[in-house]
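As a plain string of letters, each chain reads:
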Amino acid sequence: MATPVDYGDLEFTRPAKQIKAVNLPAVPQRIFDGMKQYEDAARGFSTSGFERTVNDANGKQVPGGVIVAHRPADAQVTQLYRMPTDPSSTELSRLTYFDIGSGRTISTFREILEDDWRGVRRRGGAIMLKILSNQSRRRYWEDSLADQVLPKVQGELDNAPGLGRIERLTHDDYRYGSIVLSQANNLMAFVSNKENNKDTLVYVTRLVDSNTGAKADASPFALPSRLVAPSTGEGTTMYSPESFSLDDKYLLIMRRYGSSYNALYVVDISGEQALPPKLIEFPGATEKAEDTAFADAAFSHNVNLPHLIYCITNGYGDFASIVTYDLDTASVTHITTSGAAIQVIRPILWEIQDLKVTSDNIVFTVNVEGWSSLFFMPLSGPHKNTVIEVKVAWERGWLTFKTNDLNDKPYELTLYLTSYHSRGRITYLDLLPLLNNVKKDENGNAYVLASVLPYAQAAPPTVAHEVPPTLIRYKSFDGLEVPAIYYHPAGQSVTPVIIHIHGGPESQATANYRTPTHSYLLNELKIAVIYPNVRGSSGYGKKYMAADDVLKREDSVKDIGALLDHIASNMQNELDSSRIAATLTHYSSKLACGIENFGIGHWPSFLENTAAVRRAARRREYGDETIPEIREFLERISPINSASKITVPLLITHGENDTRVTVHEAVSMYKVVSKNVHTELIICEMEGHGYKQKSVIEFTNAADILFLERYLLSNSNL
């Protein structure tokens, strides 16, 4: 548990709801007014997917819709909506009316067929997770689809005037997550740290024939479950459920050691007591186990191949690829693995990003230097086992998808599109008709051309004169080529520039839409923005991602120094090297100012205070601060111990409830840096690692703009 935060003698002002600040000037209304069109455009739409079609209490079929998440202009947090699957409809029905007291965000909304936990059938709806200081499970349902109308349950969320009702399924302060449902809707798996507040373990409960003993009354109840993946007793155990087999005999689980190392296990749950998790060893793997990761592992939906597993892994090379593993024969088939000695259906030398398995195909995306490409492979018919690229007609950017397989429509998709043009819009695509016109490119690879149908009610407004991204590359100190996403204001020559360094660190700057401030900087302040993918970033293979681990941590910082040199020597016709905002402790003399959002100031205290369930994985990435020589290194590279090198103004913002990088980091950094240079501090109440509330988002964005006006553009005509 993190130690209490010592604010000491800091004198806070409260300039906005859920905001407390130190040494912050008043933000003029003109900035809020100027930001409004960008804030509105940033309130995009996302989707958890298709609802399941169910029968009501009278046996009448009720078609499921598409569940949409969106923050309306007057709401503090994101709300849920339903729209018909038909894209020609413009209907959008609001389902929830949450306030911040019930959780700042909905992390999961997993649609189900039904449950009988209270002795009556509640059809449709979902199991959801809401985050406040922890994650709690809740059941969302609508009375019209239940056998009887339940009285108001003790602890039920107030959702008036919403259509649905929301009951808490957990009544403690432990964390819950990773909801996985069996394909027949019999079982639900989830994780929790409720055993010891440290280990993240897997539990299973029944959705139907549950015999919980709970009644259809107002009394709260605790959902019973059985532990199927207990602690190993060695260090910190972190499991997550992945998929149930079609016959409900097996449950796939992942053991996570870090972001670049995990292992796949199978648990036989068919008996009264689950058997111990059994490690799946992939034959012919070319990589060491500790250098191998898996993702999106799922059992086949084919009744004839119930124990066939599809997954993404980098166990056969530098990049993550799709393979299958047959539990019955212990054999592997390569679908996209790239390698000269490997028999493969279609090699793809980029990271596979997202994989979904349906009853008649697999659908996946490929991350090509920050841009998404869509692929699918039919499992039957004339194009069986042919990997086909779907060339979608759009401006390109980042793409995710949901399939409608649970309603027996495996080729029907919703696409969630984000780009420089749109914060997030939902469109419809049916892959099945495209199989009538499969083409081949010059290399003999199959592809289809596709146009999507927009859901007009699930598209945010756009902003005129949005700037498309450009991919640039530059050489670092050791010759390594570093990619970056670059935006330059339209019609401008030499401009100031902001270098925006992503967190993670195993993350990636992509062609995804940016924050509202991004567009304001480009269009209103005429400031260029560069998003470098320094070594340690994901998306470029595991060797690149591991290139800044532990003692190599400073090499990623040197990549920023190389970018500063590149700007000065190779981009002088576009960028003003005397007006740059970026990281400060190493290159303050080359910068005008800096902004730090939920950043790490002191590596040892970060590792000591981060959530216990995360600590072991973080130590693998950053180093174990309990080892004296590693602690000495972490002390040496901690920004707070180089604070005297910061000679330009700094703005720090942080979520007060952040369990990843706790608010201690921001407070400690402010107290040290503010002794030497102008420093501003914003603490965001009821926020974590990233901001979700309307008042917090809008205020911190406006404060960023004011800070940059004052210190980056101080020599301009503003």
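In what follows, the structure referred to is the one given above.
Throughout, a residue's number is its position along its own chain's written sequence, starting from 1. In keeping with the predicted nature of the model, local features appear solely for residues at pLDDT of at least 70, side-chain atom pairs appear and are counted solely at 80 or more, and the whole-chain, interface and lining totals rest on all residues. Computation of side-chain values: all heavy atoms of the structure, hydrogens and water removed.

Peer 1: Just give me the short version of the overall build of the protein chain, but keep the residues and values in it.
Peer 2: Counting from the N terminus, the helices are the DSSP runs of H or I reaching at least four residues and the strands are the DSSP runs of E reaching at least two. Scanning the protein chain from N- to C-terminus turns up nine helices and 44 strands. With the C-alpha coordinates aligned to their principal axes, the bounding extent of the protein chain is approximately 70 × 60 × 55 Å. For every residue, the accessible area obtained with a 1.4 Å probe (protein chains only) is divided by the maximum for its type, and the residue is called buried under 20%, exposed over 50%, and partly exposed between those limits. Classification of the 718 residues of the protein chain by burial places 58% in the buried group. Two residues qualify as a contact provided that any one of their heavy atoms is within 4.5 Å of a heavy atom in the partner residue. Counted over contacts in the protein chain with a minimum sequence separation of 6, partners at least 24 positions apart contribute 61%. Surface exposure of the protein chain reaches about 29,000 Å², of which carbon and sulfur atoms provide 48%. In this charge count, Lys and Arg are treated as positive and Asp and Glu as negative; neither His nor the chain ends contribute. Throughout, a charge is located at the NZ atom of Lys, the CZ atom of Arg, the CG atom of Asp or the CD atom of Glu. The centroid of the 72 positive side-chain charges in the protein chain is displaced by 1 Å from the centroid of its 84 negative side-chain charges. Surface exposure here means Shrake-Rupley accessible area, sampled with a 1.4 Å probe, where a residue is shielded only by the protein chains that are shown.

Peer 1: Let's hear about the packing of aromatic side chains: which residues, and what values?
Peer 2: Working definition: an aromatic ring pair is given by the centre-to-centre distance plus the angle between the planes. Here a Phe, Tyr or Trp ring, Trp counted by its six-membered ring, pairs with any other such ring whose centre lies within 6.5 Å, and the pair is stacked when the planes are under 30 degrees apart, edge-to-face when over 60, and tilted otherwise. Following the criterion strictly, the structure yields 17 aromatic pairs and no others. Between F319 and W350 the ring centres are 5.9 Å apart and the planes differ by 70°, which places this aromatic pair in the edge-to-face class. Residue F319 is located in the loop between β24 (308-313) and β25 (321-326), and its partner W350 is located in the loop between β26 (331-334) and β27 (351-357); the two are separated by 31 residues in the primary sequence. Using a relative accessible area of 25% as the deciding quantity, one classes W350 as partly exposed. Seen in terms of ring centroids, F598 and Y691 are 5.4 Å apart; in terms of plane orientation they differ by 85°. Their pairing is edge-to-face.

Peer 1: Lay out the sheet that holds strand β31 (residues 398-404) with the relevant residues and their values.
Peer 2: We treat two strands as partners when DSSP finds at least two bridges between them. Strand order in the open sheet formed by four strands is β31-β32-β33-β36, and the pairing between neighbours is antiparallel. The sheet is open, and its two borders are formed by β31 and β36 (453-454), each paired with just one other strand.

Peer 1: An account of unusual backbone geometry is requested, with residue identities and associated values reported.
Peer 2: Note the cis peptide between A160 and P161, where omega equals 0°. Unusually for a residue other than glycine, N23 sits at a positive phi of about 60°. For N23, the location among the structural elements is in the loop between β2 (19-22) and α1 (29-42). The backbone of D248 shows a phi angle near 60°, a positive value even though the residue is not glycine. As for its placement among the helices and strands, D248 is situated in the loop between β19 (239-244) and β20 (250-258).

Peer 1: Hey, could you go over the nonpolar core for me, with residue numbers and the actual values?
Peer 2: As used here, the term nonpolar core means buried Ala, Val, Leu, Ile, Met, Phe, Trp, Tyr and Cys residues forming a set that is joined through side-chain atoms within 4.5 Å. L521, I682 and L712 are the most contacted members of the largest nonpolar core, which has 44 residues in total. Of all the elements in the fold, those that place two or more residues in this core are β2, α1, β38 (481-487), α2 (516-523), β40 (528-532), β44 (679-684) and α9 (694-711). Tallying contributions element by element places α9 first for this core, with 10 residues. Setting aside its immediate chain neighbours within four residues, L712 contacts P496, V497, I498, I527, R579, I580, A581, A592, C593 and F707. Judged by nonpolar contacts, the second largest core, of 32 residues, contains I112, I179, L223 and A229.

Peer 1: Any details on the pattern of salt bridges? Residues and values, ideally.
Peer 2: Any carboxyl oxygen of Asp or Glu within 4 Å of a side-chain nitrogen of Lys or Arg constitutes a salt bridge here. Counting across every chain of the model gives 33 salt bridges. Here E680 ties to R710 by a salt bridge, and the two come within 2.9 Å at their closest N and O atoms. Here E680 is found in strand β44, whereas its partner R710 is found in helix α9, with 30 residues between them in sequence. Judged by its relative accessible area of 1%, E680 falls in the buried class. Salt bridges sharing common partners tie together D115, R118, R122, R139, E167 and D217.

Peer 1: So what about the pairing of strand β35 (residues 446-450)? Which residues, and what values?
Peer 2: β35 sits mainly inside the fold: four of its five residues count as buried. Two elements, strand β30 (residues 388-392) and β35, share five bridges in a ladder whose sense is parallel. Each residue of the ladder has a partner; that of I388, found in β35, is A446. As judged from the two bridges shared by strand β34 (residues 439-440) and β35, these two strands associate in the antiparallel manner. Paired with K439 across the two strands is Y447, which belongs to β35. Turn length for the β34-β35 hairpin, with the two strands adjacent in sequence and antiparallel, is five residues, and the turn residue G444 shows positive phi of about 85°.

Peer 1: Help me get a handle on the environment of Y325, residues and values and all.
Peer 2: With respect to the helices and strands, Y325 occurs in strand β25. It is 5.0 Å that separates the C-alpha atoms of Y325 and I309, two residues lying 16 residues apart in sequence.

Peer 1: Can you lay out empty space enclosed by the protein for me, pointing to particular residues and giving the numbers?
Peer 2: Definitions used throughout: a 1 Å grid over protein atoms alone; a cavity as a set of points that fits a 1.4 Å probe which cannot get out; a pocket as an open set with protein on both sides within 12 Å along at least five of seven lines; a lining residue as one with an atom within 4 Å of a point. Grid points are joined across faces, edges and corners, and a volume is the space filled by probe spheres set on the points. Applying the stated criterion to the full structure yields two cavities of 30 Å³ or more. Volume-wise, the second largest cavity comes out at about 40 Å³. Y420, E466, V467, Y487, Y513, R514, H518 and S519 together form the lining of the second largest cavity. Under the scheme applied, nonpolar residues are Ala, Val, Leu, Ile, Met, Phe, Trp, Tyr, Cys and Pro; charged residues are Asp, Glu, Lys and Arg; polar residues are all the others, including Gly. When its residues are assigned to classes, the lining of the second largest cavity shows four nonpolar, two polar and two charged.

Peer 1: Can you break down α1 residue by residue, with the values?
Peer 2: At 3.6 residues per turn, the α-helix brings residues three or four places apart onto the same side. Between its first and last C-alpha, α1 extends 19 Å over 14 residues, near the 20 Å set by a 1.5 Å rise per residue. By the largest-angle criterion, K36 marks the main kink of α1, which is about 45°. Among the residues making up α1, those that are buried are I31, M35, Y38, E39, D40, A41 and A42. Lining the buried residues of α1 we find α2 and α9. Multiplying 1.5 Å by the residue count of a helix minus one yields the expected span of that helix. What is called the bend at a residue is the angle between a pair of axes, fitted to the seven residues leading up to and ending at it and to the seven starting from it.

Peer 1: Outline the sheet that holds strand β22 (residues 278-279), listing residues and values.
Peer 2: Taking strand neighbours across the sheet as the criterion, the four strands line up as β19-β20-β21-β22 in an open arrangement whose pairing is antiparallel. Each of the sheet's edge strands pairs with one partner strand only, and the pair in question is β19 and β22. As paired elements, strand β21 (residues 261-268) and β22 share two bridges and run antiparallel to each other. Bridged to V266 within β22 is K278.

Peer 1: Please set out the packing of α1 against α9 residue by residue, giving values where relevant.
Peer 2: Axis geometry follows a simple rule: fit a line to the C-alpha atoms, using only the stretch in contact for helices, then measure angles between N-to-C directions, giving values from 0 to 180 degrees. Contact geometry for α1 and α9: axes closest at 10 Å, N-to-C directions at 120°. Accordingly, the angle class assigned to the pair α1 and α9 is oblique. The crossing of α1 and α9 is right-handed. Listed contacts from α9 to R30, I31, F32, M35 and E39 of α1 are I697, E698, F699, N701, A702, I705, L706 and E709. Grouping the amino acids of the contact of α1 with α9 by side-chain chemistry returns eight nonpolar, one polar and four charged. For classification purposes, an angle smaller than 35 degrees is called roughly parallel, one larger than 145 roughly antiparallel, one from 65 to 115 roughly perpendicular, and anything else oblique. Crossing handedness: left-handed means the near helix sits turned counterclockwise from the far one by under a right angle, and right-handed means the same turn made clockwise.

Peer 1: Describe the pairing of β19, naming the residues involved and giving the relevant values.
Peer 2: Among the six residues that make up β19, six are buried, leaving the element largely enclosed by the rest of the structure. Direction of pairing for β19 relative to β20: antiparallel, over a ladder of five bridges. Bridge pairing in β20 places S243 opposite L252.

Peer 1: Describe in detail the side chain of R82, supporting the description with residues and values.
Peer 2: Mapping R82 onto the fold places it in strand β7 (residues 79-83). Polar contacts, as used here, are pairs of N or O atoms within 3.5 Å; protein pairs need one atom able to donate a hydrogen and one able to accept it. Residues neighboring in sequence count only if both atoms are side-chain atoms. Here E51 takes part through its side chain, which lies 2.7 Å from a polar atom of the side chain of R82. Once residues within four sequence positions are removed from consideration, R82 is found in contact with E51, G65, V66, I67, E91, L92, S93, L95, E142 and L163.

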